[in-house]
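Residue-level listing of the chains:
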Amino acid sequence: SLPLCSLTVSAFDWAAESVPELPPTTSLPSIDLYSLPKMLFEVQGHLLFEVGFVNTDPHPGNIMFLDDGRLGLIDWGQVKRLTPGQRCVLARAVIAVA
């Protein structure tokens, strides 16, 4: 394990080590896999159009299931802030292809 104060911190190792192992009798929450795409689109839409952030690395490896069934989005190392004008241009592009 790498120390967190070094210049070579592995975020994956840190995240993996921070997740406790589940006891064999622990039951996981039920997850509706068919609702995930809608939920992820809503989250991305909220971030893009309401908050003004773009996570430029949104792939399945950056999504974690939390113990209570919620989704956790990780790896926010590539984020861009959008101006209101940029959000409007992006909204027009989404409407144009809808």
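Residues numbered from 1 in each chain as written. Predicted model: local features only at pLDDT ≥ 70, side-chain atom pairs only at ≥ 80, totals over all residues. Heavy atoms only, no water.

*Asks:* Account for the overall build of the protein, naming residues and giving values.
*Replies:* In terms of helices and strands, the protein carries three helices and four strands. Mapped from its N terminus to its C terminus, the protein presents α and β elements in the order α-α-β-β-β-β-α. Out of the 98 residues in the protein, the part that is buried amounts to 11%. Within the protein, contacts between residues at least 6 apart in sequence are counted, and of these 52% link residues at least 24 apart. When the accessible surface of the protein is split by element, carbon and sulfur atoms take 66% of a total near 7900 Å². (Helix = DSSP H or I, 4+ residues; strand = E, 2+ residues; numbered from the N terminus. Buried < 20%, exposed > 50% of the residue type's maximum accessible area, 1.4 Å probe, protein only. Contact = heavy atoms within 4.5 Å. Areas by Shrake-Rupley, 256 points an atom, 1.4 Å probe, with all protein chains shown as cover.)

*Asks:* So what about the packing of aromatic side chains? Which residues, and what values?
*Replies:* Considering all chains together, one arrives at zero aromatic pairs under this definition. Across the ring face of Phe53, the terminal group of Arg81 is positioned such that the distance to the ring centre comes to 4.3 Å. (Phe/Tyr/Trp six-rings, centres within 6.5 Å; stacked < 30°, edge-to-face > 60°. Lys NZ or Arg CZ within 6 Å of the ring centre and 35° of its normal.)

*Asks:* Explain the packing of helix 2 (residues 36-51) against helix 3 (residues 84-97) residue by residue, including any values.
*Replies:* Their axes nearest at 9 Å, the elements helix 2 and helix 3 cross at an angle of 135°. By the angle between their axes, helix 2 is oblique relative to helix 3. Contact with helix 2, carried on its side by Leu48, Phe49, Glu50 and Val51, involves Arg87, Leu90, Ala91 and Val94 of helix 3 and no other residues of that element. (Axes fitted to C-alpha atoms, helices over the stretch in contact; angles between N-to-C directions. Parallel < 35°, antiparallel > 145°, perpendicular 65-115°, else oblique.)

*Asks:* Which residues make up unusual backbone geometry, and what values do they have?
*Replies:* Positive phi, close to 65°, is recorded for Asp75, a residue that is not glycine. Within the secondary structure layout, Asp75 lies in the loop between strand 3 (71-73) and strand 4 (79-81).

*Asks:* Quick one: what's the story with the side chain of Arg87, residue by residue and with numbers?
*Replies:* Locating Arg87 in the fold gives a position in helix 3. Among buried Asp, Glu, Lys and Arg side chains, Arg87 stands out as unpaired, with Glu50 the closest opposite charge at 8.2 Å. For Arg87, the side chain forms a polar contact with the main-chain oxygen of Glu50, separated by 3.3 Å. Discounting chain neighbours no more than four positions away, the residues touching Arg87 are Leu48, Phe49, Glu50, Val51, Gly52 and Leu82. (Lys, Arg positive; Asp, Glu negative; His and termini not counted. Salt bridge = Lys/Arg side-chain N within 4 Å of Asp/Glu carboxyl O. Polar contact = N/O pair within 3.5 Å; in protein donor to acceptor, adjacent residues only side chain to side chain.)

*Asks:* So what's going on with the environment of Leu47? Residues and values would help.
*Replies:* Following the sequence through the fold, Leu47 ends up in helix 2. In sequence terms Leu47 and Arg81 are 34 residues apart; their C-alpha atoms lie 9.8 Å from each other.

*Asks:* Describe a nonpolar patch on the surface, naming the residues involved and giving the relevant values.
*Replies:* The grouping of Ile31, Leu33 and Phe65 at the surface amounts to a nonpolar patch, some 270 Å² of accessible area in total. Tracing the sequence through the fold places Ile31 in the loop between helix 1 (11-18) and helix 2. For Ile31, a relative accessible area of 31% puts it in the partly exposed group. (Patch = residues over 30% accessible without salt bridge, like charges linked within 9 Å, V, L, I, M, F, W, Y side chains within 5 Å.)

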